[in-house]
Amino acid sequence: MGQVDCAFHHARAAAKRRSPCPLRATPSITSAVDPDLGAVRKFITDMIAQGAVAALVTAIVALLVRMRDLNVELMRKLASKSRKRPPNEAMRRLQMELPLLCTPPANDTKPAAPADNKPNKRGAKKPTPHARPKLPAHLPRVPNVLLVPQEQRHCPRCDVELGRVCLKTTAEKLDVRPSEFIVSQTQVETCACPKCHQYVVTADKGDQVLDRGILGDELLVQALVDHYQDAVPFERMQRNARAEGVPLAANTLASSVGKLIDLFDPIVGHIRERCLSSRFTALDATGMPVLDPLHPLGIKTGALWLIEGDHRYACFLYAPSGHATHLKKFFEGRTLGSVMCDGSPTNNCVEKDAGGRRGGCNAHGRRGLVEAVRIGDARAVAGLELYGKLFHVDAESKRLGESLEQRFERRQRDSAPAVAELRAWLDARRGDVEPRSVLGKALGYLDRQWPRLTMFLHDPLMELTNNDVEGGLRTWVLDKKTWLFVGHEVSARRAADALTLLTTCKRMGIHPRDYLRDTLAKILAGEKDLTALLPETYAASLAQRAPAVAA
């Protein structure tokens, strides 16, 4: 009777207090997580025998309420974790997920239509034209001439040959020439003096990516870009080649591409130096699975760091782990300027050792509020609306193409008041939000990171978020699902170097395949001037040739 008596006293106390919170008044009949039906049956029998019907009803209802709350919480967690697609974080969609909540429209809702006008039809305000798009002017035009048949080129009335009136282009279609494997034969000429026969000269064969290699330069360049930019595995390249009767081996292709990447080491070193010496630096990291025979699972997880400099250079660095000591080694002996990163303790060396002015990512700060709304906590909506104002200011500045000085003035004028409102809301909410709840953790993050999150109001170079770097890592994160892993640490380092070249080319607006092809030809020709091989030099030469091509 000890457990039943305890439950009875709890029930009587709950009935006296008439507490509106059923969680605190739940009697100890049994566990709400794993209920014991035998204990419940015994409790009901004893309470009926005692005639305590009111206490029995109160205890049973309290147990059911507790079980309902646990079930609702579990369903919310499952709903937020089991989405097949990335969740939409627009305020309208987040408010739709709040159950039975009436909230004012968010700042990204459409303005109300005037009462005088008729409601618009469904669809886009500015519908895109459905006509055929104009094909790019830089693509070569290959004419497909359709001639009148010879038997119809004779006039039956006049008995004369027809003359051409015009040759009219009636349509343009986008087409492609299928790639094909070829065998490139190297033929070396030898010349001799026909008189003395003593002076003999043989043409120089030049350097090669791999001495006595069987794969040509163009094939290696295409394989490098296909593998590291488009996530095409070397085994798939082998399978496609053998389907055409070409004996291409994946291991040979992978090792040859690795040797090709090594030829670009001086250029990769230059990009790394420019990234680490830039006025503005942004960084983030993700995992890189690497085969390791000594590891208990046969595979270990290294770290792939992306460090961007001045929004122009992108350097990928591989480390055996994500420990802060490796990041500290990257910045050893350097003094950084403005640095954008998230609030991870791993990044503390940016301030302590490298002396950088560290800014925080407001996308991370907003993410905690989004998670709180997704589980049904409507108290986070006001914070999301204030964040909407901040993001709108920077989006408007980007749309107008403003300079850093103009954007900084706009932030002081428009963003600073919104930041003050966000701080006031944060201070007011921290007093009535449970610290260990999802919203409580989000508010704690905002409070701890506040000086870094508001650094964009004090430093014109600082960005509002670190989304640019995270977007650069996103390609690798999606591609590594195709690769599964890299073979060893040397391959991981080469992968980082290849991604450095490809991403920097994209940042500078140059085609990676063209740059690698032209630069490889210069390297094999014996070019010793590093400046002539750099991507910024290649981009400048393209800019100089552009007006002549347009003319």
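Note that the coordinates shown come from a computational prediction; the quantities given were computed from them, not determined experimentally.

Enquirer: Describe helix α5 (residues 217-228), listing the residues and the values that go with them.
Expert: End to end, α5 covers 17 Å across twelve residues, agreeing with the expected 16 Å (1.5 Å per residue, within 8%). Taken together, the buried positions of α5 are L220, V221, A223, L224, V225, H227 and Y228. Its buried side turned inward, α5 meets α6 (234-243), α7 (250-262), α16 (467-483), α17 (489-507) and α18 (512-524).

Enquirer: Could you give an account of the pattern of salt bridges, with specific residues and numbers?
Expert: Where charged atoms from two side chains of opposite charge approach closely, those side chains can pair. Overall, the coordinates contain 34 salt bridges when judged by the stated rule. Between E470 and R367 there is a salt bridge; the shortest N-O distance is 3.7 Å. Taken as a pair, E470 in helix α16 and R367 in helix α11 (residues 362-374) lie far apart in primary sequence, 103 residues in all. Here R367 falls in the partly exposed class, since its relative accessible area comes to 37%. Through salt bridges with shared partners, a single ionic network connects D262, D265, R272, R493, R494 and D497.

Enquirer: Describe helix α13 (residues 404-430), listing the residues and the values that go with them.
Expert: Where α13 bends most, at S415, the angle is about 45 degrees, and the proline P417 comes one to four residues later. What α13 keeps buried is the set R407, R410, R411, S415, A418, V419, L422, R423, W425 and L426. Contacts from the buried residues of α13 go to α11, α12 (381-400), α14 (438-448) and α15 (450-453).

Enquirer: Any details on the state of the cysteines? Residues and values, ideally.
Expert: Within the structure shown, the criterion is met by zero disulfides. In this structure C158 is a free cysteine whose sulfur lies 4.0 Å from that of C155, the closest cysteine sulfur available.

Enquirer: Could you give an account of the confidence of the model for the protein, naming the residues involved and the relevant values?
Expert: Mean pLDDT over the protein stands at 83; residues scoring 70 or higher make up 84%. For residues 1-27, every residue scores under 50 in pLDDT, and the model assigns this stretch 33 contacts once sequence neighbours within four places are set aside. Scored below 50 in pLDDT, residues 100-111 shows 16 contacts in the model against residues more than four places distant or in partner chains.

Enquirer: Tell me about the packing of α5 against α7, and name the residues and values.
Expert: The description of two packed helices rests on the angle between their axes and on the distance between the axes. Following both chains from N to C, one finds α5 and α7 inclined at 95 degrees, their axes separated by 10 Å at the closest point. Considering the angle they form, α5 stands roughly perpendicular to α7. From α5, L220, V221, A223, L224 and Y228 reach across to α7, where they touch L253, S256, V257, L260 and I261. Of the residues contributing to the contact of α5 with α7, the split by class is nine nonpolar, one polar and no charged.

Enquirer: Please give an account of the packing of α5 against α17 that cites residues and values.
Expert: Where α5 contacts α17, the axes come no closer than 10 Å and their chain directions differ by 95 degrees. Taken as axis vectors, α5 and α17 run roughly perpendicular relative to one another. Contacts from L224, V225 and Y228 in α5 reach A495, A498, L499 and L502 in α17. When the residues that make up the contact of α5 with α17 are grouped by side-chain class, the tally is seven nonpolar, no polar and no charged.

Enquirer: Explain the side chain of H227 to me, and be specific about the residues and the numbers.
Expert: Considering the arrangement of structural elements, one finds H227 in helix α5. The class for H227 is buried, based on a relative accessible area of 9%. With residues up to four places along the chain from it excluded, the contact list for H227 reads V232, P233, F234, M237 and W483.

Enquirer: Would you mind going over the pairing of strand β4 (residues 299-309) in detail, with residue names and values included?
Expert: Of all the eleven residues making up β4, nine are buried; the element is thus mostly covered by neighbouring parts of the structure. In the sheet, strand β3 (residues 280-291) pairs with β4 via eleven bridges, with the strands oriented antiparallel. By the bridge assignment for β4, V290 is matched with K300. In terms of strand pairing, β4 meets strand β5 (residues 313-319) through seven bridges, oriented antiparallel. Bridged to I307 within β5 is C315. Connecting the antiparallel pair β4 and β5 is a turn made up of three residues, with D310 showing a positive phi of about 55 degrees.

Rules and cut-offs
- Residues numbered from 1 in each chain as written.
- Predicted model: local features only at pLDDT ≥ 70, side-chain atom pairs only at ≥ 80, totals over all residues.
- Heavy atoms only, no water.
- Helix = DSSP H or I, 4+ residues; strand = E, 2+ residues; numbered from the N terminus.
- Expected span 1.5 Å × (residues − 1).
- Buried < 20%, exposed > 50% of the residue type's maximum accessible area, 1.4 Å probe, protein only.
- Contact = heavy atoms within 4.5 Å.
- Salt bridge = Lys/Arg side-chain N within 4 Å of Asp/Glu carboxyl O.
- Bend = angle between axes of the 7 residues up to and from the residue.
- Disulfide = S-S within 2.5 Å.
- pLDDT = per-residue confidence, 0-100.
- Axes fitted to C-alpha atoms, helices over the stretch in contact; angles between N-to-C directions.
- Parallel < 35°, antiparallel > 145°, perpendicular 65-115°, else oblique.
- Nonpolar A, V, L, I, M, F, W, Y, C, P; charged D, E, K, R; others polar.
- Pairing = 2+ DSSP bridges.

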